[in-house]
Each structure stands twice: as structure tokens, then as C-alpha cells.
Amino acid sequence: ETGVTQSPTHLIKTRGQQVTLRCSSQSGHNTVSWYQQALGQGPQFIFQYYREEENGRGNFPPRFSGLQFPNYSSELNVNALELDDSALYLCASSLGGALSYEQYFGPGTRLTVT
Amino acid sequence: GIQVEQSPPDLILQEGANSTLRCNFSDSVNNLQWFHQNPWGQLINLFYIPSGTKQNGRLSATTVATERYSLLYISSSQTTDSGVYFCAEGSNNAGNMLTFGGGTRLMVKP
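Figured I'd write up the structure that's included with this text. All values derive from a computational prediction rather than experimental measurement.

So, about the environment of B:Cys87. Structurally, B:Cys87 is set in strand 9 (residues 83-91). Along the chain, B:Cys87 and B:Leu32 lie 55 residues apart, while their C-alpha atoms are 7.0 Å from each other.

As C-alpha cells, this is what we get:
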């Protein structure tokens, strides 16, 4: 069984740029969620994708957007990067429907905005 | 939405000691998970425990849903137990999202 993978591991961007982060879900999982974890805090929910549709969104502005592909992998896109976007970005996968609360996380992408 | 409070925020133990970490919730508990975040940032699933008690080796967890709290017990702690422990509650407010507590930062000294 393949776990959740994310790429890249680390990334440095300049304020105002755009970034794309990628996630491959655990085999058999069709739901992907994205979280932002600032230093010293717990992860914050960004949004979730289920069967290629956005299934819910946290309190993040529209410049945070995402996609899910037919193989259930996912992308997180952030436009017009701000310094406060510097964080660890975590992807989690889960089974769909009523079983989707138990989520399994990837190793994360650490984004630094300068 | 639901609020999740974890205590203590920081904990330093000598190797071999036991500890109890607590999670309090502002609303009913239905889908609780405990995680360990290692120094590299990886969140590792420890327990999915919406109610009752579960044990896995030196770790065990108890959730009392009616009283809105959960406890994580670590016995005979080892240096590899160091890291941050999070509890999170799953809800359907905006998709099937997890709401995390602020974490308990554990350091186990040899």
C-alpha cells in the first residue's frame, strides 16, 4: 500500500509569485484535504476535494485554489504570495463518504516566501 | 465551529516516565483522531477514537464523548516519543474537515 506523497519537499518563493504544490493520495483513497501549518501552531483546514469537486473550504482567500485529477491526486495553487503564506503545507487523503474523517497525512511541503 | 484545547502545551520527561495528555472540546465529539508530528513535520496517525479506549503498545487513548474530552497516555516514554502531539476532531461544517488543537510539545530526555 502506497502512502500519501507530496512534492516538492521544500520551496522558496518571492512575494507576489505563484506556487503549485502536489499530492498523491494513498492507494484506494478518493478524497484529498489540504492544510496549512504555521510555525508553532496546529494545522488549519484549507479545502477538500472529493471526486474532482471541491467538497468544502476553510477560511482562506480565493487566491488559494486547488484541483483533483481522475487518479485522485491533487494540486494546491497559491497566487500573489504573501510573507504570511510561509508555512508547512500538508495534504491528507481519506476514503470518501462517511469514512472520510480518518485522514492520513503526507510529509508536507515547506514553503518559504521572502 | 468547534474549539479544541490541548494541555499541557509543553512537557519535559525523563526517559521511562509516564504521561497523560488531554484534549477538551467545546462541542460534541464524534470523530476524534490523535497524531504525533515528528521533528521532520510528518503527522503520524496514532488513534482514531470517537469513543471508548484503545491501546497500541505503550500508547493508549480514551475518549469520553459525553464529557467532551480525550486523553492520550504514554507509558515508559522513550526519546523517540519526542515531538508534538495533536488531537483533532472531524466535522462536516465545511467538507469533512479536521479541527486541530494547538498541540502538546513533548521532549523526552535520556
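On we go from here.
Further remarks concern the nonpolar core. Residue and element names in this part refer to chain B. Phe25, Trp34 and Leu72 are the most contacted members of the largest nonpolar core, which totals 21 residues. For this core, the secondary-structure elements that each account for two or more residues are strand 2 (10-14), strand 3 (19-25), strand 4 (32-37), strand 5 (43-48), strand 7 (59-64), strand 8 (69-74), strand 9 and strand 11 (104-109). Ranked by residues supplied to this core, first place goes to strand 3 with 3 residues.

With that settled, the discussion passes to the pattern of salt bridges. All names here are of chain A. For the structure on display, the rule yields 5 salt bridges over all chains. The residue Arg22 makes a salt bridge to Glu75 at a minimum N-O spacing of 3.5 Å. Placement of the pair is Arg22 in strand 3 (residues 19-24) and Glu75 in strand 8 (residues 74-78), with a sequence separation of 53 residues. As a salt-bridge pair, Arg63 and Asp85 come within 2.8 Å of each other at their nearest N and O atoms. On the criterion of sequence distance, the pair formed by Arg63 in the loop between strand 6 (53-57) and strand 7 (64-68) and Asp85 in the loop between strand 8 and strand 9 (87-94) is long-range, its members being 22 residues apart. On the accessibility criterion, Arg63 (17% relative accessible area) is buried. A residue is classified by how much of its surface remains accessible, and Asp85, at 3% relative accessible area, is buried. Here the salt bridges do not stand alone but share partners, grouping Arg63, Glu82 and Asp85 into one network.

Before going further, it helps to spend a moment on the environment of B:Ile12. All names here are of chain B. Tracing the sequence through the fold places Ile12 in strand 2. Along the sequence, Ile12 and Glu67 sit 55 residues apart, while their C-alpha atoms lie 28 Å from each other. Residues contacting Ile12, with those up to four places away along its chain left out, are Met107 and Lys109.

One pass over the structure, following the stated rule, counts 9 aromatic pairs over all chains. With a centroid separation of 5.6 Å and an interplanar angle of 65°, the aromatic rings of A:Tyr35 and A:Phe45 are classed as edge-to-face. One end of the pair, A:Tyr35, is in strand 4 (residues 31-37); the other, A:Phe45, is in strand 5 (residues 44-50), with 10 residues separating them in the sequence. The two residues A:Tyr35 and A:Phe45 agree in class, both being buried. Ring geometry for B:Phe35 against B:Phe100: centres 5.7 Å apart, planes inclined by 35°, an arrangement best described as tilted. With B:Phe35 in strand 4 and B:Phe100 in strand 10 (residues 97-100), this pair connects stretches of sequence that are 65 residues apart. Owing to a relative accessible area of 7%, B:Phe100 belongs among the buried residues under this scheme. Site record: aromatic cluster; members linked through ring pairs are A:Tyr35, A:Phe45, A:Phe105, B:Phe35, B:Phe86 and B:Phe100.

Definitions and limits used
Throughout this document, residue positions are counted from 1 along each chain, in the order its sequence is written. All chains are assigned letters beginning at A, and all ligands numbers beginning at 1, according to the order in which they are written. Residues qualify for local features only when their pLDDT is at least 70, as the model is predicted, and side-chain atom pairs are given and counted only at 80 or more; totals for whole chains, interfaces and linings, by contrast, use all residues. Excluded from the side-chain calculation are hydrogens and water; included are all heavy atoms of the structure. A run of H or I in DSSP counts as a helix once it spans at least four residues, and a run of E counts as a strand once it spans at least two, with each numbered from the N terminus. Nonpolar cores were defined as sets of buried Ala, Val, Leu, Ile, Met, Phe, Trp, Tyr and Cys residues, with membership established by side-chain atoms within 4.5 Å. Relative accessibility thresholds used throughout: buried, under 20% of the residue-type maximum; exposed, over 50%; partly exposed, between the two (1.4 Å probe, protein chains only). Between Lys or Arg on one side and Asp or Glu on the other, a salt bridge is scored when a side-chain nitrogen of the former is within 4 Å of a carboxyl oxygen of the latter. Throughout, a contact is declared for two residues whenever any of their heavy atoms are within 4.5 Å. In this scheme Phe, Tyr and Trp rings, the latter by its six-membered ring, pair at centre separations within 6.5 Å, and the angle between planes marks the pair as stacked below 30 degrees, edge-to-face above 60, and tilted otherwise.

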